[in-house]
Amino acid sequence: MINFTYVRTTTAKAAVGLLAKEKNAKFIAGGTNLVDLMKRGVTAPDRLIDINAVPLKQIELVGNMMHIGALATNTAVAEHELVKLHFPLLSLALQAGASQQLRNAATVGGNMMQRTRCGYFYDTTMPCNKRAPGTGCGAITGYNRMHAIFGGSEQCIAVHPSDMCIALVALDSTVVLSGPKGERKLKFIDFHKLAGTTPDKDNNLLPGEMIIRVEIPTNKLAAHSYYVKVRDRASYAFALVSVAAGLELQGNKIVDVKLAMGGVAHKPWRLLEAETFLKGKMATEANFKSAAQIAMKNAKAYKENAFKLKMAPNTLIEALNLAKSKA
Amino acid sequence: MRDKSLLKEDTDRVDGFDKVTGRAKYFAEYQIPGTTYGVLVPSTITKGKITGIDSKAAERAPGVLAVVSHLNRPVVAGYETGKDQGVPNNMMKIFYTDQISFNGQPIAMVVADTYERAVYAATLVKGTYAKEAFETDFEKNLSKAKAPKNPAQASYLRGTADAYKNAAVQIEASYTLPTETHNPMELHGILANWESADKITVYAKTQGVKATQGTIASTFKLPLTNVQVNSEFVGGGFGMALRTWPLEIAAIIAAKQVNKPVKLVITRDQMFTLAGHRPYAFQKVGLGADKDGQLTGITHEAWGHTATYEDFTENVVSMSKFMYNSANVNTTYKIVPLNVGVPIWMRGPGEATGAFALESAMDEMAHSLDMDPIAFRVKNYTEEDPEKSRPYSSKNLKEAYKMGAEKIGWSKRNNKPGTNKDGNWLVGYGMSTGVFNASRGRASAKGILKSDGTLLLQSAASDIGPGTGTGMVQIAHEVLGIPVSKITFELGDSSFPTAPSQGGSATLSTVGSAVSDVCNALKAKIAEMATQSGLSASAKFVDVLKKNNLPSVEVTMESKGGEEQKKYSMYSFSIHFVQVKVNPLTGVVKVSKIVSVGDSGRIVSPKTARSQMVGGAVGGLGMALTEETVMDHRFGRYVNNNFADYHVPVHADIPEIEVVFVNKPDPYINPMGAKGMGEIALIGFSAAVANAVFNATGKRIRTLPITPDKILA
Ligand SMILES: Cc1cc2nc3c(=O)[nH]c(=O)nc-3n(C[C@H](O)[C@H](O)[C@H](O)COP(=O)(O)OP(=O)(O)OC[C@H]3O[C@@H](n4cnc5c(N)ncnc54)[C@H](O)[C@@H]3O)c2cc1C
């Protein structure tokens, strides 16, 4: 048997301390991703540190910051009155993810840390630089329908599969981390990383660190926010392409806009240039189209995912249309 | 809707309570003292030879009893009798040689005292291989297609070949269906227990206890009576449990080796390699018509894949031979051997594959003729079977077209595609026809009337979910007038009177006839006993039994069709209507309404019949929009072999489904006038969706599934 030890903690401090002690230890939260990976032989931690009893489930407004604890479940966040009121984009994105049962168990921290769904990553007999560095990328010349069109590397074209993170990156969130050297903050956009030459690392979390919470600044986008997820079936499928769009409108003028795309890159893909283009312009179909074109600069498709070059800009336009027309 | 007078009592599913409360026991839930657990070790190469199996570490692992492979397995009597003899179907002989024919082929089975220990030990078994070049890419190997040996699938010609090429209006198109995997919820496997050296009991997952009994008996050279097969409940089959798989034989071999009961339940990814799939299919259809829409030629050519080690064939082009009135028809069907596990019939089998092509082409032709698709079909309606030149036993399709068109709101359909909108979404309507052989085979049943007022019926039939027991109880109720609550139908036991496997929509017709005959015989017997013992001929059977001091009276009978089967062509028909909404920006297709019409004789059990049609529509939705088994041909391995990535429809994909039955008895097929309906529920459905998508967008999608990328392409 592949044995591992299991320990429960009740404080973040103890959790971080335990993590530092053992090289091959991992936190377990909802377990919806980690347990699958263990069963498939993709990962084999020596120790599981159960953090579910750590009191990090808060969902509250602190001044003009929304604080969401790393252990708040996806369901709790999606259905929270304050989230629905101030950040409907986050609520919509969460509800577009996985299934109700999974969302009931999945946590904010676990969602951020979930691994890619690339089939080559999951099949231990196949090459995969993310799972086994140096073995090659199965997807680049293989079945890459679900894969990245932005920021890919020679070594890995996997995408980050989260829906929640697309909304969080669009909303200028910050991640609060705790590690052996104390707490630090990281902009959400800098939390996940591109594959580059280290595809085995999904993000910039340092060894021994724990996600404590996410902070989202309040904004005026709530009235015109939309999350569009294009997928192969209506629920319980990962995004082919998804778009989080939030508009602040004065009449038909775009005062502020936040845009991010999912299913297209190794990290949640913020569309800053398209935002800059739209700011101050009118919310017209023509401007949406131009923004979509800008957003697609540097996109690169592979054999099976060329459709994303059309689907991605179209979905951006659809999301902007829906955000705009939302009552 | 249905004619109430035809039906005495509409009943709930007789096993519904047991199923929803978990009382129903499936094969994997049986526990025999001393049970051990088997886990298969799959080959990681696609073709070649096993050069070694290092099982030392596994054998040393805690709890391991054996690592069974071709190197050490016990003698299997049926294996040693020469080439394919003794093993029906040329089934791959498991653990027989060092030969690997497909990726995932089991090279060994680990048996341990617990499942977890067996799972772990299986990871320690290391196979070494001499790899050989392999072929898994269907389209690249089309040139290697061969004609099937089965004469039923020989090429067919009526009139002139390729007559469509001379027609005023012509359609020529190719259609592609990817490999699909059955994916019932219940995983496959078996619990095997040798009671003695030559006597075995198994708890199986099978659509035919008798077929399983026969295969096991011949593989191990045992008398049939020494093989007991139990399979009372089956957690979905969709065709994949219509045969005994080598993995089941593997567990029986292992049980012999360790001399203990062995339970094998395969994993979800093994369901993709070891338990069949719907073969990839490529089809070309040519249709010719005159300006008025009269068909003058139909050409239908189909290719499907099979395994290199066993031929699998199915009826893909049959519908084209008789469905429409065309003087000239030619069809061919060929198979392409690939290094994959062998396919097996899946949901509406080959007929569903063929109907996708033919019914899409019919829609394309109607469009070319600028005719309404229903009017075009009615124009080419056949009152007689043109293939066999004989009448249909019954066919009420014209009425069915009307019923369905009304329910879906066909009048709202615009014959010009891309013109109907709901906000930003394009709206389309599509329809198609489905047809499947309505057969009646040979079956036996036993009926026991008891003095406590109950009736017990037994037959070695199966119930993979359609509600066989429910139907049988209703048939008995109609003949004998006993309340359904006092009738029990037992099945799934190979010691019961013989019944065929549950497939090809034949159970209700075949086993139902046996039940009907047995009940009529019981009725006659009771009447005779009544008069002989001085009671009136219409006396209640309880009173007759009491008067005669008998605890029960019993009849066993075989029942089968007769001359009528030669005089008439017997088919069940369906028509599927769908409304779709298509988002032109994102390519998302939503099926927003479904109406399925069944013309399958008299409806014996309305509730379960409706469920069949609903289930078929859902399976059809999967075929049309979501299901595809993807292989990486560099490795010969499937890349979406799990429930997250192999997309069966979820509730959110399934709209309101309205089911309508013509419900007119067939005068010839069987005593009930009921024709089978499992397959027609799905056959043709995918074409209705593709046709509706065309109507909505003007885009003809000829490769399933219709995923958003194809709409945008
Ligand atoms: C079939 C299926 C479909 C799905 N579909 C979608 C989808 O459509 N969209 C989507 O967005 N997601 C989807 N998911 C993924 C799901 O959202 C994730 O599995 C879930 O969010 C993970 O959360 P968890 O709490 O269960 O994490 P766990 O499985 O417990 O942990 C995952 C990882 O996060 C680490 N971790 C957990 N908490 C912390 C913390 N506080 N600090 C540091 N590290 C931590 C763990 O060590 C582990 O490595 C799907 C999952 C499945 C199984």
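Residues numbered from 1 in each chain as written. Chains lettered and ligands numbered in written order. Predicted model: local features only at pLDDT ≥ 70, side-chain atom pairs only at ≥ 80, totals over all residues. Heavy atoms only, no water.

A. Layout of the domain arrangement of chain A. Each assigned domain of chain A is listed here: domain 1 (1–54) and domain 2 (222–325). Relative placement of domain 1 of chain A and domain 2 of chain A: their C-alpha centres are 36 Å apart. (Domains from an automatic or database assignment.)

B. How the structure looks around unusual backbone geometry. All names here are of chain B. Here the residue pair leucine 704 and proline 705 is connected by a cis peptide bond, since its omega of -5 degrees sits within 30 degrees of zero. Following the sequence through the fold, proline 705 ends up in the loop between helix 16 (685–697) and helix 17 (708–712). Positioned with a positive phi, asparagine 183 is a non-glycine residue whose angle comes to about 50 degrees. With a relative accessible area of 6%, asparagine 183 lands in the buried category. For lysine 221, which is not glycine, the phi dihedral falls at a positive 50 degrees. Checked against the element boundaries, lysine 221 lands in the loop between helix 4 (209–219) and strand 11 (227–230). (Helix = DSSP H or I, 4+ residues; strand = E, 2+ residues; numbered from the N terminus. Buried < 20%, exposed > 50% of the residue type's maximum accessible area, 1.4 Å probe, protein only.)

C. Spatial organisation of the packing of helix 15 (residues 606–626) of chain B against helix 16 of chain B. All names here are of chain B. Two numbers describe how helix 15 lies on helix 16: the axes approach to 8 Å, and their chain directions differ by 55 degrees. Our classification of the angle between helix 15 and helix 16 gives oblique. Every pair of crossing elements has a handedness; the one defined by helix 15 and helix 16 is right-handed. Contact residues: Ala617, Gly620, Leu621, Met623, Ala624 and Leu625 in helix 15; Phe685, Ser686 and Val689 in helix 16. (Axes fitted to C-alpha atoms, helices over the stretch in contact; angles between N-to-C directions. Parallel < 35°, antiparallel > 145°, perpendicular 65-115°, else oblique. Left-handed = near helix turned anticlockwise from the far one by under 90°. Contact = heavy atoms within 4.5 Å.)

D. Representation of the pattern of salt bridges. Residue and element names in this part refer to chain B. Overall, the coordinates contain 45 salt bridges over all chains when judged by the stated rule. Salt-bridge contacts for glutamate 364 lead to arginine 702; the nearest nitrogen and oxygen are separated by 2.8 Å. Residue glutamate 364 is found in helix 8 (residues 349–369), and its partner arginine 702 is found in the loop between helix 16 and helix 17; the two are separated by 338 residues along the sequence. Taking the shortest distance from any N to any O, the salt bridge between glutamate 383 and lysine 398 comes out at 3.3 Å. Placement of glutamate 383 in the loop between helix 9 (373–379) and strand 16 (384–385) and of lysine 398 in helix 10 (residues 397–408) is noted, with a sequence separation of 15 residues between them. (Salt bridge = Lys/Arg side-chain N within 4 Å of Asp/Glu carboxyl O.)

E. Inspection of the interface of chain A and chain B at higher detail. Chain A puts 33 residues into the contact, and the matching count from chain B is 31 residues. Between chain A and chain B, the buried area comes to about 2,700 Å², and carbon and sulfur atoms account for 61% of it. If you sort the residues of chain A by the area they bury against chain B, A:Met1, A:Asp232 and A:Arg233 come out on top, with a joint share of 25%. Summed over the shared surface of chain A and chain B, the number is 2 salt bridges. (Buried area = accessible area lost by both parts, 1.4 Å probe.)

F. Layout of the packing of aromatic side chains. Residue and element names in this part refer to chain B. Counting across every chain of the model gives 20 aromatic pairs over all chains. With a centroid separation of 5.8 Å and an interplanar angle of 25 degrees, the aromatic rings of phenylalanine 102 and tyrosine 309 are classed as stacked. Separated by 207 residues along the polypeptide, phenylalanine 102 in the loop between strand 4 (99–100) and strand 5 (106–112) and tyrosine 309 in the loop between strand 14 (295–307) and helix 7 (318–322) bring together distant segments of the chain. Taking relative accessible area as the criterion, phenylalanine 102 reaches 4% and is therefore assigned buried. With 3.8 Å between their ring centres and 15 degrees between their planes, tyrosine 568 and tyrosine 668 make a pair best called stacked. Of this pair, tyrosine 568 sits in the loop between helix 14 (564–567) and strand 24 (571–582) while tyrosine 668 is found in the loop between strand 28 (656–661) and helix 16, placing the two residues 100 residues apart along the sequence. Under the relative-accessibility criterion, tyrosine 668 is labelled partly exposed at 34%. Between the NZ or CZ atom of arginine 243 and the centre of the ring of tryptophan 245, over which it lies, the distance is 4.5 Å. Lying over the aromatic face of tyrosine 381, lysine 395 brings its terminal NZ or CZ to 4.1 Å of the ring centre. (Phe/Tyr/Trp six-rings, centres within 6.5 Å; stacked < 30°, edge-to-face > 60°. Lys NZ or Arg CZ within 6 Å of the ring centre and 35° of its normal.)

G. Examining the nonpolar core more closely. Residues and elements named next belong to chain B. Core analysis: the biggest nonpolar cluster contains 86 residues, and Leu287, Phe577, Val578, Val580, Val689 and Ile706 have the highest contact counts within it. Look past the residues within four positions of valine 580 in its chain and what remains in contact with it is Leu426, Val427, Gly428, Val589, Lys590, Val591, Ser592, Val689, Ala692, Val693 and Ala696. Of all hydrophobic cores here, the second largest spans 49 residues; its members include Ile200, Val229, Ala251 and Ala255. (Core = buried A, V, L, I, M, F, W, Y, C linked by side-chain atoms within 4.5 Å.)

H. Local environment of the site of the ligand. Taken together, 34 residues are adjacent to the ligand, and A:Phe27, A:Gly31, A:Thr32, A:Thr107 and A:Asp163 come closest. Flanking the ligand are residues from chains A and B. Between the ligand and the protein, one listed contact pairs an oxygen atom with a backbone N or O atom of A:Asn111 at 3.4 Å. Contact with the protein chains hides 95% of the accessible area of the ligand, taken as 980 Å² for the molecule alone. Counting only elements with at least two residues in the shell around the ligand, the list comes to strand 2 (25–28), helix 2 (34–39), helix 7 (108–113) and strand 8 (210–217) of chain A. A per-element tally of the shell around the ligand places helix 7 of chain A first, with 4 residues. Grouping the amino acids of the shell around the ligand by side-chain chemistry returns 17 nonpolar, 12 polar and 5 charged. Residues from two domains meet in the shell around the ligand; each of domain 1 (1–54) and domain 2 (222–325) of chain A gives at least three. (Near = heavy atom within 4 Å. Polar contact = N/O pair within 3.5 Å; in protein donor to acceptor, adjacent residues only side chain to side chain. Areas by Shrake-Rupley, 256 points an atom, 1.4 Å probe, with all protein chains shown as cover. Nonpolar A, V, L, I, M, F, W, Y, C, P; charged D, E, K, R; others polar.)

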